[in-house]
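If you want the building blocks of each chain, they are given just below.
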Amino acid sequence: MSGNGFAAVPAKVDVVVVGAGFSGLYLLHRLRGLGFSAVAFDEAADVGGTWYWNRYPGARCDIPTTDYAYSFDPQLEQDWTWSEKYATQPEILAYLRHVAERYDLRRDIRFGVRITAAAWDETARRWRLRTSHGGEVSCRYYVMACGCLSLPKTPDIEGAGRYRGEVYFTAKWPHDQVDFSGKRVAVVGTGSSGIQCIPLIAEQAAALTVFQRTPNFSTPAHNGAPPPDRLARLAADREGYREAARWSRGGVPVEVTDVSGLTAPEELRRQRFEAAWQAGELFAILGVFSDQGFNPVSNEFVAEMIREKIRATVRDTGTADALCPKDYPFGTKRPCLDTSYFETFNLPHVRLVDLRRTPIVTLTEQGIDTAGESLQFDAIVFATGFDAMTGPLVSVDVTGTDGVTLAGKWERGPASYLGLMTTGFPNFFMITGPQSPSVLSNMLVSIEQHVDWIADCLQRLRTEGFERIEPTPLAEAGWVQHNQDCADITLYQRANSWYMGANVPGKPRVFLPYIGGVDAYRKTCDEVAGLGLLGFRLDGPAGSRCNDGVIRRVQPDVTIMLDLMASLPSIETMSAADGRAFLDAIDAVRPPGPEVGEITDGVLPGPAGDLAYRLYRPPSPGPHPLITYFHGGGWVLGSQDSDDPFCRDLCVRTGAVVVSVNYRHAPEDRFPAAVDDAFAAVQWIAANAGRLGGTPGRLSVAGWSAGGNLAAVTCQLARDAGGPDIAGQLLLNPVTDCDLGRPSYSRNGEGFVLTTALMRWFWDYYADEADREAATASPLRGTLAGLPPAVVVTAEFDPLCDEGEAYAEALTAAGVPVRQIRARGHIHTSLTMVDVIISGAPVRAEMAEALSHWWPAPVRG
Ligand SMILES: Cc1cc2nc3c(=O)[nH]c(=O)nc-3n(C[C@H](O)[C@H](O)[C@H](O)COP(=O)(O)OP(=O)(O)OC[C@H]3O[C@@H](n4cnc5c(N)ncnc54)[C@H](O)[C@@H]3O)c2cc1C
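Quick caveat: nothing in here was measured; it's all calculated off a predicted structure.

> Can you walk me through the overall build of the chain in this structure?
Within the chain, the secondary structure is distributed over 27 helices and 29 strands. Radius of gyration (C-alpha) of the chain: 31 Å, near the 29 Å computed for a compact globule of 861 residues. C-alpha atoms of the chain, sized along the principal axes, occupy 95 × 70 × 55 Å. Counting contacts in the chain only where the partners sit at least 6 residues apart, residues at least 24 apart contribute 73% of the total. Looking at the chain as shown, the accessible area adds up to about 32800 Å², and 52% of this sits on carbon and sulfur atoms. On the chain, the mean spot of the 78 positive side-chain charges and the mean spot of the 102 negative ones are 5 Å from each other.

> Before we go on, may I ask you to explain the site of the ligand in this structure?
Around the ligand there are 32 residues in total, and Ser23, Asp42, Thr50, Asp62 and Tyr68 lie nearest to it. Between the ligand and phenylalanine 22, the relevant distance is 3.1 Å, taken from an oxygen atom to a main-chain nitrogen or oxygen of the residue. Interatomic distance of 3.2 Å between a backbone N/O atom of isoleucine 63 and an oxygen atom of the ligand. Relative to its free-state accessible area of 980 Å², the ligand is covered by the protein chains to the extent of 96%. Top contributing element to the shell around the ligand by residue count: helix 2 (residues 50-53), with three residues. Considered class by class, the residues forming the shell around the ligand number 18 nonpolar, ten polar and four charged.

> Just to check I follow, could you spell out the environment of cysteine 715 for this structure?
Relative to the helices and strands, cysteine 715 is located in helix 23 (residues 706-721). Counting along the chain gives 629 residues from cysteine 715 to tyrosine 86, while the straight-line C-alpha distance between them is 67 Å. Non-local contacts of cysteine 715, meaning those with residues more than four positions away in its chain, are made with Val701, Ile726, Gln729, Leu787 and Pro788.

> Please explain the pairing of strand 12 (residues 350-354) as it appears in this structure.
For a regular strand, side-chain orientation follows a simple rule: the groups alternate between the two sheet faces. Extensive coverage of strand 12 is indicated by the burial of four of its five residues. Bridging between strand 9 (residues 207-212) and strand 12 involves five bridges; their strand directions are parallel. Bridging across to strand 12, valine 210 finds its partner in leucine 352.

> How do you make sense of the sheet that holds strand 14 (residues 367-370) when you look at a structure like this?
Within the open sheet, the three strands sit side by side as 13-14-15. Their pairing is antiparallel. Here the strands that pair on one side only, and so sit at the sheet edges, are strand 13 (360-363) and strand 15 (374-376). Neighbour-to-neighbour, the strand axes of this sheet turn through a mean angle of 20°, independent of strand direction.

> How do you make sense of helix 23 when you look at a structure like this?
An α-helical turn contains 3.6 residues, so a residue and the one three or four places further along point in the same direction. Compared with an ideal rise of 1.5 Å per residue, which puts 16 residues at 22 Å, helix 23 spans 22 Å between its outermost C-alpha atoms and is within 8% of the ideal. With twelve of 16 residues buried, helix 23 is to be regarded as a mostly interior element. Inspection of helix 23 places Ala706, Gly707, Gly708, Asn709, Leu710, Ala711, Ala712, Val713, Thr714, Cys715, Gln716 and Ala718 among the buried residues, and these make up the whole buried set. Among the structural elements, strand 24 (624-630), helix 21 (673-687), strand 26 (694-704), strand 27 (728-732), helix 25 (756-766) and helix 26 (801-813) are those in contact with the buried residues of helix 23. Glycine 722, located one to two residues past helix 23, shows a positive phi value of around 75°.

> In this structure, what is going on with the packing of helix 8 (residues 266-279) against helix 10 (residues 296-313)? I would like to understand it.
Relative placement of two packed helices is described by the angle separating their axes and the distance separating the axes. With their axes 11 Å apart at the nearest point, helix 8 and helix 10 run at an angle of 60° to one another. Accordingly, the angle class assigned to the pair helix 8 and helix 10 is oblique. Crossing angle aside, the handedness with which helix 8 passes helix 10 is right-handed. Each of Arg269, Arg270, Phe273, Glu274 and Trp277 in helix 8 lies in contact with helix 10, whose residues at this interface are Phe301, Val302, Met305, Ile306, Glu308 and Lys309. When grouped by side-chain class, the residues that make up the contact of helix 8 with helix 10 number six nonpolar, no polar and five charged.

> It is not clear to me how the packing of aromatic side chains should be interpreted in this structure. Could you clarify?
In this description, an aromatic ring pair is defined by two values, namely the gap between the centres and the angle between the planes. Scanning the entire structure with this criterion turns up 48 aromatic pairs. Ring centres of tryptophan 479 and tyrosine 514 lie 5.0 Å apart, and the angle between their planes is 35°; on these two criteria the pair is classed as tilted. Of this pair, tryptophan 479 sits in helix 16 (residues 473-488) while tyrosine 514 sits in the loop between helix 16 and helix 17 (518-530), placing them 35 residues apart in sequence. Like tyrosine 514, tryptophan 479 is buried.

> I keep staring at helix 19 (residues 576-587) and nothing clicks. Help me out?
Along its twelve residues, helix 19 runs 16 Å from first to last C-alpha, staying within 8% of the 16 Å computed at 1.5 Å per residue. If you check which residues of helix 19 are buried, you get Ala576, Gly579 and Phe582. Mapping the buried residues of helix 19 onto a view down its axis gives an arc of 120°, with all of them on the same face. Residues of helix 19 that are exposed and angled more than 90 degrees away from the buried face: Ala577 and Asp584. Buried residues along helix 19 sit against helix 25.

> When you look at the pattern of salt bridges in this model, what are you seeing that I'm missing?
Pairs can form between side chains of opposite charge once their charged atoms are near each other. Under the definition given, this model contains 70 salt bridges. A salt bridge links glutamate 77 to arginine 238, with the shortest nitrogen-to-oxygen separation between them at 2.0 Å. One end of the pair, glutamate 77, is in helix 3 (residues 74-79); the other, arginine 238, is in helix 7 (residues 238-246), and 161 residues separate them in sequence. Of the charged contacts in the structure, one is a salt bridge between arginine 614 and aspartate 644, with a shortest N-O distance of 3.2 Å. On the criterion of sequence distance, the pair formed by arginine 614 in strand 23 (residues 609-617) and aspartate 644 in helix 20 (residues 644-654) is long-range, its members being 30 residues apart. Arginine 614 sits in the buried class, given a relative accessible area of 13%. Classification of aspartate 644 as buried rests on a relative accessible area of 10%.

> Whenever I open this one, unusual backbone geometry confuses me. Can you help?
Across residues other than glycine, the phi torsion is negative in most instances, and most of the peptide bonds are trans. A cis amide bond links phenylalanine 671 to the next residue, proline 672, at an omega of 10°. As for its position among the elements, proline 672 is in the loop between strand 25 (657-661) and helix 21. Cis geometry is adopted by the peptide bond preceding proline 724, which originates at glycine 723 and carries an omega value of 0°. Relative to the assigned elements, proline 724 resides in the loop between helix 23 and strand 27. Although it is not a glycine, leucine 418 adopts a positive phi angle of roughly 65°. Positionally, leucine 418 belongs in the loop between helix 14 (406-409) and strand 18 (428-430). Exposure remark for leucine 418: the relative accessible area of 0% places this residue in the buried category.

> Help me understand the nonpolar core, please; the structure alone is not making it clear to me.
Nonpolar side chains tend toward joint burial in soluble globular proteins. Counting 84 residues, the largest nonpolar core has Phe22, Tyr70 and Tyr95 as its most contacted members. Top contributing element to this core by residue count: helix 15 (residues 443-464), with ten residues. Counting 64 residues, the second largest nonpolar core, distinct from the first, contains Phe582, Val675, Ala678 and Leu787.

Conventions we followed
Residues numbered from 1 in each chain as written. Predicted model: local features only at pLDDT ≥ 70, side-chain atom pairs only at ≥ 80, totals over all residues. Heavy atoms only, no water. Helix = DSSP H or I, 4+ residues; strand = E, 2+ residues; numbered from the N terminus. Rg over C-alpha atoms; globule rule 2.2 N^0.38 Å. Contact = heavy atoms within 4.5 Å. Areas by Shrake-Rupley, 256 points an atom, 1.4 Å probe, with all protein chains shown as cover. Lys, Arg positive; Asp, Glu negative; His and termini not counted. Charge placed at Lys NZ, Arg CZ, Asp CG, Glu CD. Near = heavy atom within 4 Å. Polar contact = N/O pair within 3.5 Å; in protein donor to acceptor, adjacent residues only side chain to side chain. Nonpolar A, V, L, I, M, F, W, Y, C, P; charged D, E, K, R; others polar. Buried < 20%, exposed > 50% of the residue type's maximum accessible area, 1.4 Å probe, protein only. Pairing = 2+ DSSP bridges. Axes fitted to C-alpha atoms, helices over the stretch in contact; angles between N-to-C directions. Expected span 1.5 Å × (residues − 1). Parallel < 35°, antiparallel > 145°, perpendicular 65-115°, else oblique. Left-handed = near helix turned anticlockwise from the far one by under 90°. Phe/Tyr/Trp six-rings, centres within 6.5 Å; stacked < 30°, edge-to-face > 60°. Arc of directions from axis to C-beta. Salt bridge = Lys/Arg side-chain N within 4 Å of Asp/Glu carboxyl O. Core = buried A, V, L, I, M, F, W, Y, C linked by side-chain atoms within 4.5 Å.

Structure representation (structure tokens):
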């Protein structure tokens, strides 16, 4: 095939690369180095991708150029010097041209050619690609290096074709100089491109009208020469700096703070914010507080301080107010860096039209009619964004196995494995695809990581005798779930952003990029490769191989907690006293849990002396249902203090009075002291329900871990003693049996805080071997018929998981109503970590709802 004077395209190559931007150029270079035959196609007339198309005034990067550059070749870095902290589009394009020349890449690129369709041929194990020139090319591997922001969104405005004046799109800007001098200009859109071009268009135009649908958070870039400190760090240790970037959260090595916006004093909050404001970098303002991406209160501190800056800059109060974003958390839409954006609105010839107040009705021949007025323009600039991430991929008619199209498969949102491949489309790779960090990161770091992973993978397939690779449905489903789990603990899904596909009518609302971080993502990809390409099926002359599995199953915030705790000593190596002191120290620095109506401490009579209790009362007028709660800690550790945040949470979520009772601990008081205390406490609380503010007859018991054991045992004792009546039992990760041989002890016995060794330590302190099989120690061995309805919660990565499940099954078999809640991705300790492990909140909501369900309706007098 040949076309339009371009060099002939070979009919068959090893790899076709779509796109000749940063991704395509580096991929070509790598593939060539590995001896693969490869050809790249780009619709554009030259290299550059984003930087070829987006030539609007003010177009520049907003990641410092020292970081927004290739790092794969130290010599290339030596050759090139950036002139500004944030380089302009012409300078970045010149850099990419230099790269193309330096590595002689153009000879393998066909410009002005669009790939329109691709179909997988299972017999030949090859892709057949069609081009806009009508030709066909066959390749073993097909890589879409087509960019995340390369398909401009067509403005969804009535009468779009009617306007007769000059029309410009920031994402398809003409190559010739555009002169707005003396003209009446409209700019529609105030995203990154709009915010960059508006100040410069204002400098030329006679009158500029900015049409804004959604105000954007923007902070000053403080552009200028590249920061000397950054240059010095690079000069001192280039490779160390680049490696730090590769293992950073966003692809730029920045200081990571542990200052929480929630707990920091006002003065420190302001100080941190001002420092970030002065730094003029996205990752600085996105990282003022450790919790601003998760916690709405912390986020609002940053958001409001930015709004204060906007109000202090823009003189007209109405305009300032309209420019202040108010209905989404900061950072959940792509924040911008600007040069004099807000100042521009102080110019007499610039005005803002707030489309939320006066929407555009239609374009006319002369301009734009809004709901309030008819405006005439000589030129209209559309800065209306992109059909991001999935758009460029599904705009090609890609057909995989069994005739399934990519657009069809992704109708309700993308599903991929690592954002690199998708099931049903063998040998089809994506660079910075959906469900990879991509647009949430410094793209250069993500591009290099993806290109390297793919190139290494292709080389490995060749070496090991495979020619077909496809992710398994299990691995893909696991990755999609992990992406959703990551997004669920952040504030990102609260915004109608292009990250969510919300800017394109009809596009499914799914959070598109992976938000777990560049570092976590790289670790995952490395692990997948290290585990023999876990989750991929491989076929070829060497036969078939499939190492199926899910790479990330633990909840993302639990993983972070486990990483933080990895260096802490294990309790089973300590004495009981040291273990208690150690836990007290950890408890001292945790968040307090939610506010309740009232908390009172008291004592109740136990069989061997007073037992301390803490009572949590809801703010609503009582009486309330009552819950007697037993804390966890393996009968050795814990107290009414240790489970305080969880008890507050239980009180708030159930609307019940929660009475958290302490009991005697081992080794000082061994079995059955704790059981005797627990049962005595339930009897006393039942007898004093009215005095405690509870509704008689609506008493439940609850407990976590060893406390769950005591709650279960108490129900059996109450049944056998003919009272008190217990309405329901909540058993959270309960100890139900002394058999440590169940599979969950080997599956989860190491690395998830509660270990098999620690459980043995607890049992050894608690009870003699001879006593452990008694129903009062191992309630699973008791008679279960006639017990109160139960909510049994088990955590997937808990050594106690199987015995919890066994108890739920045995209760069901005995005719007891059971609601079983399986906490996916959780460990023994994570569900009680209120305000620390965000992913535990929905499970706690479910258990509270389930427990409340068993309470008999209040008797109305
Ligand atoms: C204005 C702007 C500023 C940005 N600033 C930053 C920044 O500061 N930092 C950052 O990290 N990221 C930034 N980005 C994101 C930017 O897209 C990436 O950083 C990077 O340039 C992407 O490179 P790429 O090669 O993957 O894709 P692109 O540069 O988008 O190149 C893809 C190429 O593929 C071609 N193509 C697509 N489909 C087909 C097809 N079917 N057939 C043939 N050719 C096709 C396109 O024509 C395009 O040339 C910015 C994006 C924009 C729009």
